[in-house]
Amino acid sequence: MIDIVFSESACGSLKMAQHYGKGKYQEGCIGIFISHADGSKPTKEEVETARQEAKEKARLAWESATPLGGKTTDIYGFNLVLSVGDISENQPGIKRKQTLEHLYSVYPNDEGRQAVEEILKRANENLKAIRERAAAGEALRIWYSNQPDEMCGLYWFMGQLNQWSVHDGQVSIVKLPEWEVDEKGNIICKISWGDVAPEEWHRYLALQKPVLPVFIQSCASHWQELQAENEPLRAMLNGHLVSMSEKLYDDFILREIAAEGEQFQEAMIVGRVLGKYQLGVGDFWIAFRIEEMIHAGKLEAVTEGTKDMPIYHRILKKCTLKL
């Protein structure tokens, strides 16, 4: 079985899930994050308590997990961010490279360039390998959600399959539920497969559905329409993947800026927009829209970010008359 996902985090988590829970649990390195609303530093006792709780949670997760089995070489990830930028190409090429370079420019230069080169190289190698394996009759399973990049990934990949010779029953899909109820009765909402922990993947196998040729053709046709429109963004609206303008998320950004004083930390705005509204876009897009507001004279950079951090680690100032 060939498994296909549309982000690096989902790819890594799924690979871990293949063997997660197999054998005796062995304690490893655990990272914790503690913050106080008033910005005060956590005490040693708080840190130790949190560390012990994290260790116990990791142990229980391992012992309750059901390994998926399989080989990591059967998992292919496409981290192409197809919800953003030019999608006129049928396969990742120069235009996708330009889009990714633009997006990754918010990160330190060398880091961004190297990441883009690796993403495109791996995507085209993966596409070639999957096509060869599919032609040999291997089954394909595609994991997707309502998150814009994953939904775009599904439609794009169906466009690829529509050009290949795949047989009835050879392709299946698994869609991430919009919400779930955990063992304590809490409602849990995951945005994308990147939010799924290694010990959780096996639970979703029951949602696997076979794909009919008409579904592949319908997705491929819709992707061609989106390619023809080739707008700056694509998003889910009333259950449909549609083309949108670059200003789609601006109101959420402006709402958070309005809640700040005259000067504020840009990184806090980026973090709150991503966490509060669950839009399914990356930090780079929020940073770019804020950059546009700076160019329009609505905001002004008071400080510069450090070279080894994303550009949005700086202080901004409101230009009150233009906001």
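Counting of residues starts from 1 at the beginning of each chain's written sequence and follows it residue by residue. Totals for whole chains, interfaces and linings use every residue, but because this is a predicted model, local features are given only for residues with pLDDT of at least 70 and side-chain atom pairs only at 80 or more, for both listing and counting. Just so you know, side-chain values use all the structure's heavy atoms and leave hydrogens and water out.

(A) Summary view of the environment of F6. Secondary structure elements follow DSSP: runs of H or I no shorter than four residues count as helices, runs of E no shorter than two count as strands, and numbering proceeds from the N terminus. Tracing the chain through its elements places F6 in the loop between β1 (2-5) and α1 (8-17). Considered as a pair, F6 and D182 are 176 residues apart in the sequence and their alpha carbons are 25 Å apart. In this analysis, two residues are considered to be in contact whenever any of their non-hydrogen atoms come within 4.5 Å of each other. Apart from the residues lying within four places of it in its own chain, the contact partners of F6 are F78, N79, I142, W143, D149, E150, G153, L154 and F157.

(B) Spatial organisation of the sheet that holds strand β3 (residues 140-144). Read across the open sheet, the five strands follow the order β2-β1-β3-β4-β7; overall the sheet is mixed. A single partner strand is all that each edge strand has here, and the edge strands are β2 (75-77) and β7 (209-210). A pair of strands is considered paired only if DSSP assigns at least 2 bridges between the two. One ladder, built from five bridges, connects β3 with strand β4 (residues 171-175); its direction is parallel. Bridge pairing links Y144 to K175 in β4. Along the sheet face, helix α4 (residues 109-135) touches β1, β2 and β3 and points at about 140° away from the line of β2. Here an angle of 0 to 180 degrees is reported between the N-to-C directions of two axes, which are lines fitted to C-alpha atoms, with helices fitted over the stretch in contact.

(C) Region of the structure containing the side chain of Q160. Mapping Q160 onto the fold places it in helix α5 (residues 148-163). Given a relative accessible area of 3%, Q160 falls into the buried group. Whenever a nitrogen or oxygen atom comes within 3.5 Å of another N or O atom, the pair is scored as a polar contact, on the condition that within protein one atom can donate a hydrogen and the other can accept it, and that pairs from neighbouring residues in sequence are kept only if both atoms are in side chains. At a separation of 2.5 Å, a polar atom in the side chain of Q160 contacts the main-chain carbonyl oxygen of N90. Beyond its immediate chain neighbours, meaning those up to four positions away, Q160 contacts N90, Q91 and L127. Buried residues are those whose accessible area, probed at 1.4 Å on protein chains only, stays under 20% of the maximum for their type, while exposed residues exceed 50% and partly exposed ones sit between those limits.

(D) Layout of the packing of α4 against α5. With their axes 11 Å apart at the nearest point, α4 and α5 run at an angle of 45° to one another. Between α4 and α5, the crossing angle belongs to the class labelled oblique. Taken as a pair, α4 and α5 cross one another with a handedness that is right-handed. For the pair α4 and α5, contact is made by L127, I130 and R131 and by W156, F157, Q160 and Q163, respectively. To sort the angles, those under 35 degrees are grouped as roughly parallel, those over 145 as roughly antiparallel, those from 65 to 115 as roughly perpendicular, and the leftovers as oblique. Take the far helix as your reference; a near helix turned counterclockwise from it by less than a right angle gives a left-handed crossing, and one turned clockwise gives a right-handed crossing.

(E) The arrangement of α5 in detail. Take the number of residues in a helix, subtract one, and multiply by 1.5 Å to get its expected span. With 16 residues, α5 extends 23 Å between its outermost C-alpha atoms, agreeing within 8% with the 22 Å of an ideal straight helix rising 1.5 Å per residue. Sitting at the amino-terminal end of α5 is Q147, which places a side-chain oxygen 3.0 Å from the backbone nitrogen of D149.

(F) Local environment of unusual backbone geometry. The phi dihedral of N230 falls on the positive side, at around 50°, and the residue is not glycine. Relative to the elements of secondary structure, N230 occurs in the loop between α6 (213-229) and β8 (233-237). Owing to a relative accessible area of 26%, N230 belongs among the partly exposed residues under this scheme. Although it is not a glycine, Q278 sits at a positive phi angle of roughly 50°. Residue classification places Q278 among the partly exposed positions, given a relative accessible area of 40%.

(G) Fine view of the nonpolar core. Counting residues in hydrophobic clusters, the biggest one holds 65 residues, and the most contacted among them are F78, I142, F157 and M158. In this structure I142 touches I4, F6, L154, F157, M158, L161, V171, S172, I173 and V174, once residues within four positions along its chain are discounted. Only buried Ala, Val, Leu, Ile, Met, Phe, Trp, Tyr and Cys residues count toward a nonpolar core, and they belong to the same one when joined by side-chain atoms within 4.5 Å. With 13 residues, the next largest nonpolar core counts L14, W143, V174 and Y204 among its residues.

(H) Up close: the sheet that holds strand β10 (residues 263-265). As summarised here, the arrangement of the three strands in space is β10-β12-β11, forming an open sheet in which the pairing is antiparallel. The two strands at the open ends of the sheet, each matched to only one other strand, are β10 and β11 (299-301). Across the sheet, the mean angle separating the axes of adjacent strands is 35° when strand polarity is ignored. Bridging between β11 and strand β12 (residues 315-318) involves three bridges; their strand directions are antiparallel. Across the sheet, the residue bridging to A301 is L316, located in β12.

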